[in-house]
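# A structural walkthrough
For reference, the chains in residue letters:
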Amino acid sequence: MTFDLLRSLGAMPLVNQLPKGPYYGVLAEFATPADLYHACERVRDAGFTRWDAHTPFPVHGLEGAMGLRRSPLPWIVLGMGLLGAALGFLLQWWVHTSAYPLVISGKPFNAWPAFIPITFEVAVLFAALGAVLGMLGLNRLPMHYHPLFRSKVFERVTDDAFFISIESWDPRFDASATGKLLESLGARSVELLES
Amino acid sequence: MQESRSDPHMALRPEQATIPPGHSWNRLPMIGVVLALLGAVACAILGPANPKQFFFSWLVSFLFFLSLALGALFFVLIQYAAQGGWGIVVRRIGETIFATLPVMAALFLPLLLGLRDLYSWSVPGAAEHDALLRWKAPYLNVPFFLIRAALYFGIWSFIALLYYRGSSGQDVTGDPAVSARLRRLAGPAIIVLALTQTFASVDWIMSLTPHWYSTIFGVYFFAGSFVGFIALLSVVVVGMRRAGLLNTVISAEHLHDLGKLLFAFTAFWAYIAFSQFFLMWYANLPEETIWYQARLEGSWKTVSILLMAGHFGAPFFYLMGRAVKRRGSTLAAGGMWLLAMHFMDLYWQVMPTLHPAGVRPSVLDVAAFLAVGGCFGAAAGWLMRRKALVPLRDPRLAESIAFENA
């Protein structure tokens, strides 16, 4: 799983790794979720790796059609949860046994049952922070600018249009051939975007 | 996923959801009867020499199978109340299990012969020199105890038969109004079930130690019973698929959801169990800590630690992963483990009253388990043969079959 984690992290280019070349990539617009779904299957089968699909609403099963690997996020959440539990327990144990030992209602210094609620809460807090920050990190968010927003038709992505974007640093990218491929898959319009 | 069908109320052909003639699952009632007779004969031979042990062993096994049936009732009621879609394919198995509640009422009767052996408060004169028992006497007295037991079984059997008849009647009529009616009744039924189940656990388990009281005890009993039922359901579903039943109906998606419930309620059980222990340990009041005192000494302490590690720690990490929940073999293994843990939990609640010095397993434990479990299995197996294994004409069956986790 660690290899998976590293691979998925490596597959996502950082914002500052955007190429200095003339093109960001191609953007193709599809009329229906079904058109988009089948086009995604073909783009996946053509071996592209640095591309994405954009829809106004979740399209069921699209992650399969795109050939996406499962997110490494659960492992981040688990790691953070365990870390939080360990830190929460150790803090209390250290305070009550060595830093500031006090007899509280006749309990021993290392009164572990009393530490459980805070250990649990810190584990939940760390896991939740891991989930939110991990999700943002894996999605490279917050991102204040993206070349896709140069496109006028892309504004309809929150309304009634479905898009595939293939980025120019994909090893299989070719400005004219990739555009033709998307056209042949039933795209309503294909656009070459500057970076 | 939209699918066009000629009859939207008939998502399945009946033969896809019934036990075919000659199938090995037809023998379930027979196997149950044989095991029950075996257990009953063993109880009849060994019981008279050690009646106290017999009644305690019977109580543990009775509570185990009763809790599974009550867990099933709660499961089906929340499916109706929340209009759950995914669970409709496993609903009939739950209905079959809670339809054994009238049988559980009959299996309660042997305990009435041993009230004085089980419950020290029921011995005449017990309250005479005991201020706390005198104070509790308006509740803890034999006539009222019997009235309450009759009330619990009456209410449970009524709800169980109402839902079983309603759902299995819909197989024939296909009337969608049945679903709507049972949905409306589910909310009030859940409240009634929660109250009766709470009081029953107080009567039958908590009053074994009549000085002790725990306000969270009903929730603790509920948590265990729901874990137990989901574990049983997982095992039964996987067993059916292995035997070639419901293969076209129940998919890895449904197993995944059962696994999620099992995982969630394992954590819930631990949360409640720890909450009960924690407050008593912290407050350190004698009439509360006495219960844990008995369970934190000698070999009962080992059982307590095993419960913590086996009913929570191990299954929590085991069931966390996605693949474990979606594969039949791994889910069923988790289910069988948690069923065993649920039995151990009840054993640990009941038996220290009889054997305060330490764990003393008895042949009568096994005999009572076979007798009660055999009756439970025979009744459930007999019902499975009579009706389809899924609610054939529930309006949302097609949706349930096509269910996919997002």
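How each quantity is defined
Residues numbered from 1 in each chain as written. Chains lettered and ligands numbered in written order. Predicted model: local features only at pLDDT ≥ 70, side-chain atom pairs only at ≥ 80, totals over all residues. Helix = DSSP H or I, 4+ residues; strand = E, 2+ residues; numbered from the N terminus. Rg over C-alpha atoms; globule rule 2.2 N^0.38 Å. Buried ≥ 20, exposed ≤ 12 C-beta atoms within 10 Å, placed from the backbone. Contact = placed C-beta atoms within 7 Å. Domains from an automatic or database assignment. Pairing = 2+ DSSP bridges. Core = buried A, V, L, I, M, F, W, Y, C linked by C-beta atoms within 7 Å. Axes fitted to C-alpha atoms, helices over the stretch in contact; angles between N-to-C directions. Left-handed = near helix turned anticlockwise from the far one by under 90°. Nonpolar A, V, L, I, M, F, W, Y, C, P; charged D, E, K, R; others polar. pLDDT = per-residue confidence, 0-100. Parallel < 35°, antiparallel > 145°, perpendicular 65-115°, else oblique. Expected span 1.5 Å × (residues − 1). Bend = angle between axes of the 7 residues up to and from the residue.

### So, the overall build of chain B
For chain B, the helix and strand inventory stands at 16 helices and zero strands. Over its C-alpha atoms chain B spans a radius of gyration of 22 Å, differing by no more than 12% from the 22 Å that the globule rule assigns to 406 residues. With respect to the three principal axes, the spread of C-alpha positions in chain B is 75 × 40 × 40 Å. Residue burial in chain B is summarised as follows: out of 406 residues, 43% are buried.

### Examining the overall build of chain A
When you go through chain A residue by residue, the secondary structure sums to six helices and four strands. Shown N-terminal to C-terminal, the secondary structure of chain A runs as helices and strands in the order α-β-α-β-α-α-α-β-α-β. Across the 195 residues in chain A, those meeting the buried criterion constitute 22%. In chain A, 81% of the contacts between residues at least 6 apart in sequence involve partners at least 24 apart.

### Overview of the domain arrangement of chain A
Domain annotation for chain A reports domain 1 (21–56 + 160–195) and domain 2 (74–138). The C-alpha-based centres of domain 1 of chain A and domain 2 of chain A are spaced at 47 Å.

### What to know about the pairing of strand S2 (residues 51–54) of chain A
Successive residues of a regular strand alternate their side chains across the two faces of the sheet. All names here are of chain A. With burial as the criterion, only one face of S2 is covered, namely that bearing Trp51 and Ala53; the residues Asp52 and His54 on the opposite face remain uncovered. Where S2 lies against strand S3 (residues 162–167), four bridges are found, and the strand directions are antiparallel. Note on S3: the bridge partner recorded for Ala53 is Ile164.

### Some details on the nonpolar core
Generally speaking, a soluble globular protein has its nonpolar side chains buried in company with each other. Residue and element names in this part refer to chain B. Counting 118 residues, the largest nonpolar core has Ala69, Leu73, Ile230, Val237 and Leu262 as the members making the most contacts within it. At 21 residues, the largest contribution of residues to this core is made by helix H2 (residues 51–81). Val237 has contacts with Val90, Ile93, Ile250, Leu255 and Leu258, leaving out every residue within four places of it along the chain.

### Points about the packing of helix H9 (residues 217–242) of chain B against helix H14 (residues 328–350) of chain B
All names here are of chain B. Direction vectors running N to C along H9 and H14 enclose 145°, while the axes themselves pass 8 Å from each other. Once H9 is placed against H14, the crossing between them reads as left-handed. Contact with H9, carried on its side by Gly224, Val227, Gly228, Ala231, Leu232, Ser234, Val235, Val238 and Arg241, involves Gly328, Leu331, Ala332, Gly335, Met336, Leu338, Leu339, His342 and Asp345 of H14 and no other residues of that element. Of the residues in the contact of H9 with H14, the class split is 10 nonpolar, six polar and two charged.

### Concerning the confidence of the model for chain B
All names here are of chain B. Averaged over chain B, the pLDDT score is 94; the fraction of residues at 70 or greater is 97%. This stretch, residues 1–6, has a pLDDT under 50; its non-local contacts, to residues over four places away or in other chains, come to five contacts. Note on the complex model: pTM 0.90, ipTM 0.83.

### Quick word on the sheet that holds strand S4 (residues 189–194) of chain A
All names here are of chain A. Taken together, four strands build an open sheet; the order of strands is S2-S3-S1-S4 and the sheet is antiparallel. Among the strands making up the open sheet, the edge pair consists of S2 and S4. Averaged over neighbouring strand pairs, the angle between their axes works out to 20° when direction is ignored. The strands touched by helix H2 (residues 33–45) are strand S1 (23–30), S2 and S3; relative to S3, the strand with the most contacts, the crossing angle is about 20°.

### Examining the confidence of the model for chain A
Residue and element names in this part refer to chain A. Averaged over every residue, the pLDDT of chain A is 89; residues scoring 70 or more account for 89%. When mean pLDDT is taken per element in chain A, helix H4 (residues 73–99) scores highest with 97 and helix H1 (residues 2–10) scores lowest with 48. Overall, residues 10–16 carries pLDDT values under 50, and its contacts beyond four positions in sequence, including any with other chains, amount to six contacts.

### Remarks on the packing of H2 of chain B against H9 of chain B
Residue and element names in this part refer to chain B. Their axes nearest at 7 Å, the elements H2 and H9 cross at an angle of 85°. The angle between H2 and H9 falls in the class roughly perpendicular. On H9, the residues touching Ser67, Leu68, Leu70, Gly71, Ala72, Phe74 and Phe75 of H2 are Gly224, Ser225, Phe226, Gly228, Phe229 and Leu232. Among the residues making up the contact of H2 with H9, the classes are represented as eight nonpolar, five polar and no charged.

### Here we look at unusual backbone geometry
All names here are of chain A. Cis peptide bonds are those with omega within 30 degrees of zero, and the linkage from Leu141 to Pro142 qualifies with -5°. Secondary-structure assignment places Pro142 in the loop between helix H5 (112–138) and S3. At Ser105, a position not held by glycine, the phi torsion is positive, near 40°. Inspection of the secondary structure puts Ser105 in the loop between H4 and H5. Using a count of 9 C-beta atoms within 10 Å as the deciding quantity, one classes Ser105 as exposed.

### Re the environment of Pro315 of chain B
All names here are of chain B. Relative to the helices and strands, Pro315 resides in helix H12 (residues 298–318). On the basis of neighbour counts, which here come to 24 C-beta atoms within 10 Å, the residue Pro315 falls in the buried class. When the C-alpha positions of Pro315 and Gly335 are compared, they lie 9.4 Å apart, and in sequence the two are 20 residues distant. In contact with Pro315, not counting residues within four places along its chain, are Thr266, Gly334, Trp337 and Leu338.

### A closer look at H12 of chain B
Residues and elements named next belong to chain B. With 21 residues, H12 extends 29 Å from end C-alpha to end C-alpha; this agrees with the ideal 30 Å at 1.5 Å per step. The largest bend along H12 reaches roughly 30° and is located at Gly310. Among the residues making up H12, those that are buried are Trp300, Val303, Leu307, His311 and Pro315. As for H12, its buried residues are in contact with helix H10 (252–283), helix H11 (286–295) and H14.

### Things to note about the environment of Asp117 of chain B
Residues and elements named next belong to chain B. Counting through the fold element by element, Asp117 comes out in helix H5 (residues 115–118). Take Asp117: there are 18 C-beta atoms within 10 Å of it, and that puts it in the partly exposed class. Remark: the alpha-carbon pair of Asp117 and Phe56, spanning 61 residues in sequence, is separated by 8.4 Å. Ignoring sequence-local partners within four residues, the contact set of Asp117 consists of Pro51, Lys52 and Phe55.

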